[in-house]
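Now for the letters of each chain:
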Amino acid sequence: MNISIIGGGAWGTTLGQTLHDNGHRVLIYDINPKAVEKINNHFHPFFDTILPDEVVATTSLKEVIDFSNYFILSVPTKAVRSVLKEINEVLNKPSVFINVSKGIEPQTLKRVSEIVEEEIDKKNLEGFVVLTGPSHAEEVILRKLTLLVSSSKDQKLSEQIQLIFSNEQYLRVYTSNDLIGCEVGGAVKNAIAVISGACTGLGLGENARAAVITRGIIEIIRVVEIMGGKKETAYGLTGIGDLIVTASSENSRNFTAGKKIGQGIPVDQIYAEQKQTIEGIRTIEAMYHLAKEYNVELPMINAAYDIIFNDLPVKEALQNLLSRDLKSEDF
Ligand SMILES: NC(=O)c1ccc[n+]([C@@H]2O[C@H](COP(=O)([O-])OP(=O)(O)OC[C@H]3O[C@@H](n4cnc5c(N)ncnc54)[C@H](O)[C@@H]3O)[C@@H](O)[C@H]2O)c1
Ligand SMILES: O=P(O)(O)OC[C@H](O)CO
C-alpha cells in the first residue's frame, strides 16, 4: 500500500520505517525543510539511525495528498486542526485518517477524532483510527518489541490498520472497540507523566513515583468515563501501559519536562530548550478545564495546573495535596 505520513518528527519517521519493514511505500510530509532534507539523506531527524532508502519525505502537501488515501497524523496535537484544514482544501478522494498524536484540545476539550470529523468534508472522510500505546520512538526505530492498539468506530478498519502495522519481528497491534477510552488514555497519561517527572525533579523517590502512577490511573479513569469511554480500557496498553512507559522513563519528553518543572525551571524555558513535542503541559491545561466544567476530581492535575499556570511553588502544591481530607482507597 501507499501510506502518507503527516509530520516527520520522532514518531512519524519511525513509523515510516516500520511501514517500510512491513512492505508498504511511504511518503512523509513535514513543514520543516531541515527535517525533510535529513530524511531524504537517509538520516532520522532525531535519532542516530540510518533510514531505509525508500523512506522519503517532502515539504509539498499536494504531493503527499496525491500519494495515497491513508494519512497518518503525527504532528503535535496543537497543529492537528490547522494541518487538517490545509489538507481538506486539497483533498478530493475518500480517505482514512490514522491518528498517532496524543492530546486533547484545551479550548474545546475535543479529541483528535472529533477534530478530524469537524475539519474533513464528510464525503472525503472514509474513516478514522487511533493507533496508540506504550511506544517510545527511540525503541521502535531500533525494532525493539512494542505492543500498540488500533481503535475505530469501524471494527473492519481497526483490523485493517492492525494488519498494516503488525509484524512478527517487533510490533504487535491489538484492536479495541473503545475509541474514546483509547484516545483519552493516550492523552491524559502525558499529563500524569509530567507530574511524575516533577516529583523526581523535586528529589522525591520511587515511592512517590509509584503513588503518582497509581493515583494517576484513577484520574485517567475519571476522565475516560466522563468523556464516554470504558474504564476497563484504562487498565490496558493505552492506559496503564502507556502511563508506565511514559511516567517512569528518562526517554520521555513529558517526564523530562516535568523533572525540570520540579527543579523550578520556568515552563517558557523548558519549551525553548526542548525541540521535540511535549504534549502533557497542554493536556494539563485541558484537563483542568474539564475538571471544572464536569466537576470531576483530578487533584494531581489541578495541582500541576497551579504550578504551571498560576506560579504556585511545587513544594506548596505538594503540601496542598497532602493536607486534603484523609480518605479510603476502597474501589
Ligand atoms: N516520540 C514518541 O516516542 C511518540 C510515540 C507515540 C506517540 N507520539 C505522539 O506523536 C506526536 C508527534 O510526536 P513526535 O515525537 O513525533 O514529535 P516531534 O516534535 O518529534 O515531531 C513533530 C513533527 O511535526 C512537524 N510539524 C509541526 N507542525 C506541522 C505542520 N503544521 N505541518 C506539518 N508538519 C508539522 C514538526 O516539524 C516535526 O517534525 C505527539 O502527539 C506525540 O505525543 C510520540
Ligand atoms: O516521549 P513522550 O513523553 O512524548 O512519550 C512518547 C510516547 O507517547 C510513549 O508511548
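Sequence order as written defines residue numbering, which begins from 1 separately in each chain. For this description, chains carry letters from A and ligands carry numbers from 1, given in the order in which they are written. Only residues with pLDDT of at least 70 are given local features in this predicted model, and only at 80 or more are side-chain atom pairs given and counted; all residues enter the totals for whole chains, interfaces and linings. Only hydrogens and water are set aside when side-chain values are computed; all heavy atoms of the structure are taken into account.

**Student:** Give a description of the UniProt feature "domain: Glycerol-3-phosphate dehydrogenase NAD-dependent C-terminal" (unreviewed entry) in the protein that names residues and reports values.
**Tutor:** UniProt positions are given in the numbering used here, feature names are shortened, and annotations may be inferred rather than shown by experiment. Under the local residue numbering, the UniProt record ascribes the feature "domain: Glycerol-3-phosphate dehydrogenase NAD-dependent C-terminal" (unreviewed entry) to residues 178–319. Secondary structure across residues 178–319 comprises 73% helix and 0% strand; the distance between its end C-alpha atoms is 37 Å. Strands are runs of DSSP state E lasting at least two residues, helices are runs of H or I lasting at least four, and both sets are numbered from the N terminus onward.

**Student:** Account for the domain arrangement of the protein, with residues named and values stated.
**Tutor:** Marked domain ranges trace back to an automatic or database domain assignment. Each domain of the protein was delimited in the assignment, giving domain 1 (2–177) and domain 2 (180–322). Using only C-alpha atoms to locate each centre, domain 1 and domain 2 end up separated by 25 Å. Only heavy atoms matter for contacts: two residues are in contact if any of them lie within 4.5 Å across the pair. Taken together, the contacts link 32 residues of domain 1 with 30 residues of domain 2. Of the roughly 2,500 Å² buried where domain 1 meets domain 2, counting both sides, 63% is carbon and sulfur surface. Salt bridges, as used here, are contacts in which a Lys or Arg side-chain nitrogen is within 4 Å of a carboxyl oxygen on Asp or Glu. For the pair domain 1 and domain 2, the interface holds two salt bridges. For the salt bridge of Lys 102 with Asp 242, the shortest nitrogen-to-oxygen distance reads 2.7 Å. As used in this structure description, the phrase polar contact means that two N or O atoms lie within 3.5 Å; if the pair is within protein, one of them must be able to donate a hydrogen and the other to accept it, and residues adjacent in sequence are counted only when both atoms belong to side chains. Where domain 1 touches domain 2, the interface holds nine residue pairs in polar contact (both at pLDDT 80 or more). Elements with a contribution of two residues or more to the side of domain 1 that touches domain 2: α4 (77–90), α5 (112–119), β6 (125–132), α6 (137–140), β7 (146–151) and β8 (171–176). If one sorts the elements of the side of domain 1 that touches domain 2 by residue count, β7 sits on top with four residues. Tallied by class, the residues present in the side of domain 1 that touches domain 2 amount to 14 nonpolar, twelve polar and six charged. The term buried area denotes the loss of accessible surface (1.4 Å probe radius) that occurs when two parts are joined, taken as the sum for both partners. Residue polarity follows a fixed list, in which Ala, Val, Leu, Ile, Met, Phe, Trp, Tyr, Cys and Pro are nonpolar, Asp, Glu, Lys and Arg are charged, and the others, Gly among them, are polar.

**Student:** So what's going on with the UniProt feature "binding site: NADPH" (unreviewed entry) in the protein? Which residues, and what values?
**Tutor:** Sites flagged by UniProt as "binding site: NADPH" (unreviewed entry) map to Trp 11, Lys 102, Ala 137, Arg 253 and Glu 279. For the largest cavity, the lining residues drawn from the annotated set are Lys 102. Mapped onto the secondary structure, Trp 11 falls in helix α1 (residues 10–21). With residues near it in sequence (within four places) discarded, Trp 11 still touches Val 100, Ser 135, Ala 137 and Val 140. In this structure, Lys 102 sits in the loop between β5 (95–99) and α5. Judged by relative accessible area, Lys 102 falls into the buried class, the value being 13%. Dropping the residues within four chain positions of it, Lys 102 is found in contact with Thr 77, Thr 132, Gly 133, Ser 135, Gly 186, Ala 187, Lys 189, Asn 190, Asp 242 and Glu 279. Space inside and on the surface of the protein is sampled on a 1 Å grid over the protein atoms alone, with a cavity defined as a set of points where a 1.4 Å probe fits but cannot get out and a pocket as an open set with protein on both sides within 12 Å along at least 5 of 7 lines; lining residues have an atom within 4 Å of a point. Buried residues are those whose accessible area, probed at 1.4 Å on protein chains only, stays under 20% of the maximum for their type, while exposed residues exceed 50% and partly exposed ones sit between those limits.

**Student:** Outline the sheet that holds β7, listing residues and values.
**Tutor:** A pair of strands is considered paired only if DSSP assigns at least 2 bridges between the two. Pairing is mixed across the open sheet formed by eight strands, whose spatial order is β3-β2-β1-β4-β5-β6-β7-β8. On the outer flanks of this sheet lie β3 (56–58) and β8, each paired with one strand and no other. The mean angle between the axes of side-by-side strands here comes to 25°, regardless of whether they run parallel or antiparallel. Inspection of the sheet shows strand β4 (residues 70–73) paired to β5 by four bridges, in the parallel sense. Paired with Ile 72 across the two strands is Ile 98, which belongs to β5. Here an angle of 0 to 180 degrees is reported between the N-to-C directions of two axes, which are lines fitted to C-alpha atoms, with helices fitted over the stretch in contact.

**Student:** Quick one: what's the story with the site of ligand 2, residue by residue and with numbers?
**Tutor:** Among the 13 residues in the neighbourhood of ligand 2, the closest are listed as Lys 189, Asp 242, Ser 252, Arg 253 and Asn 254. In the model, an oxygen atom of ligand 2 is placed 2.7 Å from a nitrogen or oxygen of the Lys 189 side chain. For ligand 2, whose free accessible area comes to 310 Å², the fraction covered by protein is 92%. Of the residues forming the shell around ligand 2, the biggest block, three residues, is contributed by helix α10 (residues 237–247). Of the residues contributing to the shell around ligand 2, the split by class is two nonpolar, seven polar and four charged. Taken domain by domain, the makeup of the shell around ligand 2 includes at least three residues from each of domain 1 (2–177) and domain 2 (180–322). Each residue is tested against the molecule or strand, and it is near if at least one of its non-hydrogen atoms lies within 4 Å. Using a 1.4 Å probe, accessible areas were evaluated by the Shrake-Rupley method; residue-level cover was limited to the displayed protein chains.

**Student:** Can you lay out the site of ligand 1 for me, pointing to particular residues and giving the numbers?
**Tutor:** Around ligand 1 there are 25 residues in total, and Trp 11, Asp 30, Ala 137, Thr 277 and Glu 279 lie nearest to it. Separating an oxygen atom of ligand 1 from a side-chain N or O atom of Glu 279 is a distance of 2.5 Å. Alone, ligand 1 offers 830 Å² of accessible surface; in the complex the protein occludes 90% of this. Of the residues assigned to the shell around ligand 1, the class counts are eleven nonpolar, ten polar and four charged. Both of domain 1 (2–177) and domain 2 (180–322) provide at least three residues apiece to the shell around ligand 1.

**Student:** So what about the pattern of salt bridges? Which residues, and what values?
**Tutor:** Taken as a whole and judged by the stated rule, the model has 16 salt bridges. A salt bridge links Arg 81 to Glu 118; the shortest N-O distance between them is 2.9 Å. Of this pair, Arg 81 sits in helix α4 while Glu 118 sits in helix α5, placing them 37 residues apart in sequence. With a closest N to O distance of 3.7 Å, Lys 260 and Glu 273 form a salt bridge. One end of the pair, Lys 260, is in helix α11 (residues 253–262); the other, Glu 273, is in helix α12 (residues 267–273), and 13 residues separate them in sequence. A relative accessible area of 18% means that Lys 260 is categorised as buried.

**Student:** If you had to explain the pairing of strand β1 (residues 2–6) to someone new, which residues and values would you point to?
**Tutor:** Within β1, four of the five residues are buried, leaving the element largely enclosed by the surrounding structure. Pairing of β1 with strand β2 (residues 25–29) involves five bridges; the strand directions are parallel. Across the sheet, the residue bridging to Ile 6 is Tyr 29, located in β2. Crossovers are described as right-handed under a simple rule: with the strands pointing away from the observer, the path leading from the first strand over the helix to the second runs clockwise. A crossover links β1 with its parallel partner β2, the connecting element being α1, and its sense is right-handed.

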